[in-house]
Amino acid sequence: MSSPQMRRADRMMPEEGTLETLAQGYSGRLATVSEDGFPYCIPLLYLWMSGELYVHTTSARGHLRANIEHERRVCFEIDEHEGVFDYGRFECDSGLAYRSVCLFGRIRIVEDSAIKQQFCEALMAKYGKPESERPKGFFPRIDVITVYAIAVERMTGKEQALPPLSEQWPAKDRTKTPKASLRADGH
């Protein structure tokens, strides 16, 4: 797999932070490519288990399943934002504090019923309501879902921390166009 250089290497997240973000993230987007070459991207809840990323959908055949049957290479992205901050005098001098992970790999259907059960239990542990008095570990519709696993071939993490107030505008002016001045109307 080709590995283009990350343009903003200064924002590269260490592997430990990348794995932590991946484990704790809420949801992500799975991107596939159809037979006619068009990309398709859907939001999904996910789990990071045993060094692979797991997602699930209905077993009904649709766009996603057709794409996966055509091309197993996929991309999955998650991001978590911390907020927008100002760094300069102009409205466009703003930044986003965030953490994101992009992983690339090959997706497969999980056929093993024990792994599907483990997936469902872990999914409920991550997203369920622990105080619920409903029966635990019983998934009567487990046979009508498809669980997918992505074997990761490449993964990158990026982050931009929220700067302390002392590093934000107006305390510190980091305007990108320092010679620019406001127009006559004050803007």
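Residues numbered from 1 in each chain as written. Predicted model: local features only at pLDDT ≥ 70, side-chain atom pairs only at ≥ 80, totals over all residues. Heavy atoms only, no water.

Draft legend 1. Local environment of unusual backbone geometry. Look at the link from W169 to P170: it is a cis peptide, with omega at 10°. Along the chain, the position of P170 falls in the segment after β7 (145–160). A positive phi angle is found at S50, which is not glycine, with a value near 50°. Along the chain, S50 falls in the loop between β3 (47–49) and β4 (52–58). The exposed category is assigned to S50, whose relative accessible area is 70%. (Helix = DSSP H or I, 4+ residues; strand = E, 2+ residues; numbered from the N terminus. Buried < 20%, exposed > 50% of the residue type's maximum accessible area, 1.4 Å probe, protein only.)

Draft legend 2. Layout of the pattern of salt bridges. Under the criterion given, the structure shown has 11 salt bridges. Linking E52 and R108 is a salt bridge whose minimum nitrogen-to-oxygen distance equals 2.8 Å. A residue pair is termed long-range when its members are at least 10 positions apart, and E52 in strand β4 and R108 in strand β6 (residues 94–109) qualify at 56 residues. Look at R108 and you get partly exposed, because its relative accessible area is 35%. (Salt bridge = Lys/Arg side-chain N within 4 Å of Asp/Glu carboxyl O.)

Draft legend 3. Seen up close, the nonpolar core. Ranked by internal contacts, the top residues of the largest apolar core, which has 29 residues, are L30, Y46, L53, Y54, F76, F119 and I150. Looking at this core, the elements that each hand over two or more residues are β2 (39–45), β3, β4, α2 (63–70), β5 (73–86), β6, α3 (113–127) and β7. Other than its neighbours up to four places away in sequence, F76 contacts G28, R29, L30, L44, Y46, L53, V55, V101, C102, L103 and I150. (Core = buried A, V, L, I, M, F, W, Y, C linked by side-chain atoms within 4.5 Å. Contact = heavy atoms within 4.5 Å.)

Draft legend 4. Layout of the side chain of S100. Along the polypeptide, S100 turns up in strand β6. Exposure remark for S100: the relative accessible area of 15% places this residue in the buried category. Those residues in contact with S100, other than ones at most four positions away along the chain, are M13, E77, I78, D79, T156, G157 and K158.

Draft legend 5. Inspection of α2 at higher detail. Turning to α2, its buried residues number three or more, namely L64, R65, N67 and I68. Across the axial projection of α2, the buried residues extend over an arc of 160°, all falling on one side. Considering only its buried residues, α2 is in contact with β1 (27–33), β2, β4, β6 and β7. (Arc of directions from axis to C-beta.)

Draft legend 6. Here's a closer look at the pairing of β4. With 5 of its 7 residues buried, β4 lies for the most part within the structure. Sheet topology note: the β3/β4 ladder contains 3 bridges and is antiparallel. Bridge pairing in β4 places W48 opposite L53. Connecting the antiparallel pair β3 and β4 is a turn made up of 2 residues, with S50 showing a positive phi of about 50°. Judged from the 7 bridges that link them, β4 and β7 form a sheet pairing that is antiparallel. Bridging from a neighbouring strand, E52 pairs with A151 of β7. (Pairing = 2+ DSSP bridges.)

Draft legend 7. Looking closely at helix α1 (residues 15–24). Buried within α1 are the following residues: G17, T18, T21 and L22. Along the axis of α1, the buried residues cluster in a sector spanning 135°; they form a single face. Exposed residues on α1 whose side chains face more than 90 degrees from its buried face are E15, E16 and Q24. Where α1 is buried, its residues contact β3, β4, β5, β6 and β7.

Draft legend 8. Quick look at the sheet that holds β3. Reading across the sheet, the 7 strands line up as β2-β1-β5-β6-β7-β4-β3 and stay open at both edges, with antiparallel pairing between neighbours. One side of each edge strand has no neighbouring strand; the edge strands of this open sheet are β2 and β3. Sheet twist, expressed as the mean angle between neighbouring strand axes with direction ignored, is 35°. Here β6 pairs with β7 via 12 bridges, running antiparallel. By the bridge assignment, I109 is partnered in β7 with Y148. Against the sheet, α3 makes contact with β2, β3, β4 and β7, and its axis sits at roughly 125° relative to β3, the strand it touches most. (Axes fitted to C-alpha atoms, helices over the stretch in contact; angles between N-to-C directions.)

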